[in-house]
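Chains, contacts and geometry: an overview
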Amino acid sequence: MLFQECLCFIVGKASRNMVKIVRDKVSPYGLTPTQFFLLIALYEENGILITALAKKVALDKSTLTSLLDHLERNELIQRSAHPTDRRIIQIYLTPKAEAMREDLIRIYHEINGLFLSRLAPEELKIFEGIINKLEIGKQESEEEI
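Mean pLDDT over the chain works out to 90, with 94% of the residues at or above the 70 mark. Taking the mean pLDDT of every element in the chain, the minimum, 78, falls on helix H6 (residues 121–144) and the maximum, 97, on helix H5 (residues 95–116).

Looking now at a nonpolar patch on the surface. Judged by side-chain polarity, Leu 7, Ile 10, Val 11, Leu 119, Ile 126, Phe 127, Ile 130, Ile 131 and Leu 134 come together as a nonpolar surface patch covering roughly 740 Å² of accessible area. Here the element with the most residues in the nonpolar patch is H6; it accounts for five residues. Mapped onto the elements of the fold, Leu 7 is located in helix H1 (residues 7–26).

Glancing now at the side chain of Gln 90. Here Gln 90 shows up in strand S3 (residues 89–93). In this structure Gln 90 comes out as buried when scored by relative accessible area, which is 12%. At 3.0 Å, the side chain of Gln 90 forms a polar contact with the backbone oxygen of Gly 47. Among residues more than four places away in sequence, those in contact with Gln 90 are Gly 47, Ile 48, Leu 49, Gln 78, Arg 79, Ser 80, Ala 81, His 82 and Pro 83.

Once that is clear, we can look at the pattern of salt bridges. Summed over the entire model, instances satisfying the criterion amount to nine salt bridges. A salt bridge links Glu 110 to Lys 25; the nearest nitrogen and oxygen atoms lie 2.5 Å apart. Separated by 85 residues along the polypeptide, Glu 110 in helix H5 and Lys 25 in helix H1 bring together distant segments of the chain. Residue Lys 25 is classed as partly exposed on the basis of its relative accessible area, which comes to 34%. In this structure, Arg 79 engages Glu 72 in a salt bridge whose closest nitrogen and oxygen atoms are separated by 3.1 Å. A single salt-bridge network, built from bridges that share partners, covers Lys 25, Arg 106 and Glu 110.

What counts and what doesn't
- Residues numbered from 1 in each chain as written.
- Predicted model: local features only at pLDDT ≥ 70, side-chain atom pairs only at ≥ 80, totals over all residues.
- Heavy atoms only, no water.
- pLDDT = per-residue confidence, 0-100.
- Helix = DSSP H or I, 4+ residues; strand = E, 2+ residues; numbered from the N terminus.
- Patch = residues over 30% accessible without salt bridge, like charges linked within 9 Å, V, L, I, M, F, W, Y side chains within 5 Å.
- Areas by Shrake-Rupley, 256 points an atom, 1.4 Å probe, with all protein chains shown as cover.
- Salt bridge = Lys/Arg side-chain N within 4 Å of Asp/Glu carboxyl O.
- Buried < 20%, exposed > 50% of the residue type's maximum accessible area, 1.4 Å probe, protein only.
- Polar contact = N/O pair within 3.5 Å; in protein donor to acceptor, adjacent residues only side chain to side chain.
- Contact = heavy atoms within 4.5 Å.

Right under this line is the structure:
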(Lines give C-alpha, C1' and ligand atoms only; values in the text may rest on other atoms or scores of the structure.)
Protein backbone atom coordinates (compact mmCIF):
# COMPACT_ATOMS: atom_id res chain seq x y z
CA MET A 1 0.00 0.00 0.00
CA LEU A 2 1.23 3.48 -0.82
CA PHE A 3 1.90 5.92 2.02
CA GLN A 4 -0.79 8.30 0.73
CA GLU A 5 -3.33 5.46 1.01
CA CYS A 6 -2.67 4.89 4.73
CA LEU A 7 -5.86 5.64 6.65
CA CYS A 8 -3.95 7.17 9.57
CA PHE A 9 -2.18 9.54 7.18
CA ILE A 10 -5.39 10.50 5.37
CA VAL A 11 -7.32 11.20 8.59
CA GLY A 12 -4.34 13.00 10.12
CA LYS A 13 -3.92 15.21 7.06
CA ALA A 14 -7.61 16.17 7.09
CA SER A 15 -7.41 16.82 10.83
CA ARG A 16 -4.34 19.06 10.49
CA ASN A 17 -6.09 21.07 7.76
CA MET A 18 -9.20 21.48 9.91
CA VAL A 19 -7.14 22.45 12.97
CA LYS A 20 -5.29 25.08 10.93
CA ILE A 21 -8.57 26.72 9.97
CA VAL A 22 -9.68 26.72 13.63
CA ARG A 23 -6.27 28.03 14.79
CA ASP A 24 -6.38 30.91 12.32
CA LYS A 25 -9.82 31.94 13.59
CA VAL A 26 -9.15 31.67 17.35
CA SER A 27 -5.53 32.79 17.66
CA PRO A 28 -6.54 36.49 17.74
CA TYR A 29 -8.30 35.63 21.03
CA GLY A 30 -5.10 34.13 22.45
CA LEU A 31 -6.54 30.62 22.26
CA THR A 32 -5.36 27.34 20.82
CA PRO A 33 -7.92 25.15 19.06
CA THR A 34 -8.14 22.83 22.08
CA GLN A 35 -8.66 25.74 24.48
CA PHE A 36 -11.32 27.10 22.13
CA PHE A 37 -13.24 23.81 22.17
CA LEU A 38 -12.93 23.63 25.96
CA LEU A 39 -14.56 27.05 26.23
CA ILE A 40 -17.30 25.98 23.81
CA ALA A 41 -17.96 22.93 26.01
CA LEU A 42 -18.08 25.20 29.07
CA TYR A 43 -20.48 27.57 27.33
CA GLU A 44 -22.78 24.56 27.00
CA GLU A 45 -22.35 23.49 30.62
CA ASN A 46 -20.84 26.08 32.94
CA GLY A 47 -19.99 24.62 36.37
CA ILE A 48 -19.31 21.14 34.99
CA LEU A 49 -17.25 18.73 37.06
CA ILE A 50 -13.69 18.15 35.84
CA THR A 51 -14.34 14.43 35.36
CA ALA A 52 -17.44 15.14 33.26
CA LEU A 53 -15.57 17.77 31.23
CA ALA A 54 -12.72 15.33 30.52
CA LYS A 55 -15.22 12.82 29.19
CA LYS A 56 -17.13 15.45 27.21
CA VAL A 57 -14.03 16.72 25.40
CA ALA A 58 -12.38 13.28 25.14
CA LEU A 59 -9.18 14.23 26.98
CA ASP A 60 -7.45 12.41 29.80
CA LYS A 61 -7.56 14.18 33.14
CA SER A 62 -3.85 15.09 33.19
CA THR A 63 -4.00 16.73 29.75
CA LEU A 64 -7.18 18.54 30.72
CA THR A 65 -5.62 19.78 33.96
CA SER A 66 -2.74 21.35 32.05
CA LEU A 67 -5.14 23.08 29.65
CA LEU A 68 -7.28 24.32 32.53
CA ASP A 69 -4.16 25.68 34.27
CA HIS A 70 -3.49 27.79 31.18
CA LEU A 71 -7.09 28.99 30.92
CA GLU A 72 -7.05 29.86 34.63
CA ARG A 73 -3.78 31.84 34.28
CA ASN A 74 -5.46 33.77 31.46
CA GLU A 75 -8.44 34.44 33.74
CA LEU A 76 -10.91 32.59 31.51
CA ILE A 77 -11.99 29.93 34.01
CA GLN A 78 -11.95 29.38 37.72
CA ARG A 79 -12.01 26.12 39.64
CA SER A 80 -14.26 25.82 42.62
CA ALA A 81 -14.80 23.05 45.15
CA HIS A 82 -18.26 21.51 45.09
CA PRO A 83 -20.37 22.87 47.96
CA THR A 84 -21.03 19.45 49.51
CA ASP A 85 -17.76 17.66 48.70
CA ARG A 86 -14.56 19.71 48.51
CA ARG A 87 -12.77 16.87 46.68
CA ILE A 88 -15.01 17.48 43.67
CA ILE A 89 -13.92 20.39 41.48
CA GLN A 90 -16.23 22.33 39.21
CA ILE A 91 -15.14 24.59 36.37
CA TYR A 92 -16.75 27.99 35.90
CA LEU A 93 -16.34 30.64 33.25
CA THR A 94 -15.09 34.05 34.32
CA PRO A 95 -16.56 37.38 33.19
CA LYS A 96 -13.65 37.64 30.73
CA ALA A 97 -14.67 34.34 29.09
CA GLU A 98 -18.32 35.37 29.13
CA ALA A 99 -17.38 38.57 27.31
CA MET A 100 -15.97 36.45 24.46
CA ARG A 101 -18.97 34.09 24.36
CA GLU A 102 -20.80 35.69 21.44
CA ASP A 103 -17.69 35.92 19.25
CA LEU A 104 -16.50 32.38 20.02
CA ILE A 105 -19.94 30.83 19.52
CA ARG A 106 -20.19 32.67 16.18
CA ILE A 107 -16.77 31.34 15.15
CA TYR A 108 -17.76 27.84 16.25
CA HIS A 109 -20.88 27.88 14.08
CA GLU A 110 -19.01 29.47 11.18
CA ILE A 111 -16.26 26.82 11.21
CA ASN A 112 -18.66 23.93 11.73
CA GLY A 113 -20.88 25.27 8.96
CA LEU A 114 -17.90 25.49 6.62
CA PHE A 115 -17.01 21.84 7.16
CA LEU A 116 -20.63 20.65 7.04
CA SER A 117 -21.24 22.56 3.80
CA ARG A 118 -18.71 20.31 2.08
CA LEU A 119 -20.80 17.20 2.76
CA ALA A 120 -24.23 16.24 1.49
CA PRO A 121 -26.57 15.01 4.26
CA GLU A 122 -26.12 11.37 3.23
CA GLU A 123 -22.33 11.83 3.15
CA LEU A 124 -22.44 13.26 6.67
CA LYS A 125 -24.30 10.19 7.95
CA ILE A 126 -21.75 7.90 6.31
CA PHE A 127 -18.86 9.98 7.65
CA GLU A 128 -20.26 9.93 11.20
CA GLY A 129 -20.69 6.15 10.95
CA ILE A 130 -17.09 5.70 9.83
CA ILE A 131 -15.74 7.97 12.58
CA ASN A 132 -17.76 6.03 15.17
CA LYS A 133 -16.27 2.77 13.89
CA LEU A 134 -12.77 4.21 14.19
CA GLU A 135 -13.48 5.41 17.75
CA ILE A 136 -14.70 1.96 18.75
CA GLY A 137 -11.64 0.52 17.03
CA LYS A 138 -9.42 2.63 19.31
CA GLN A 139 -10.62 0.77 22.39
CA GLU A 140 -10.25 -2.61 20.70
CA SER A 141 -6.76 -1.81 19.37
CA GLU A 142 -5.60 -0.78 22.86
CA GLU A 143 -6.71 -4.18 24.13
CA GLU A 144 -4.84 -5.94 21.31
CA ILE A 145 -1.55 -4.12 21.90
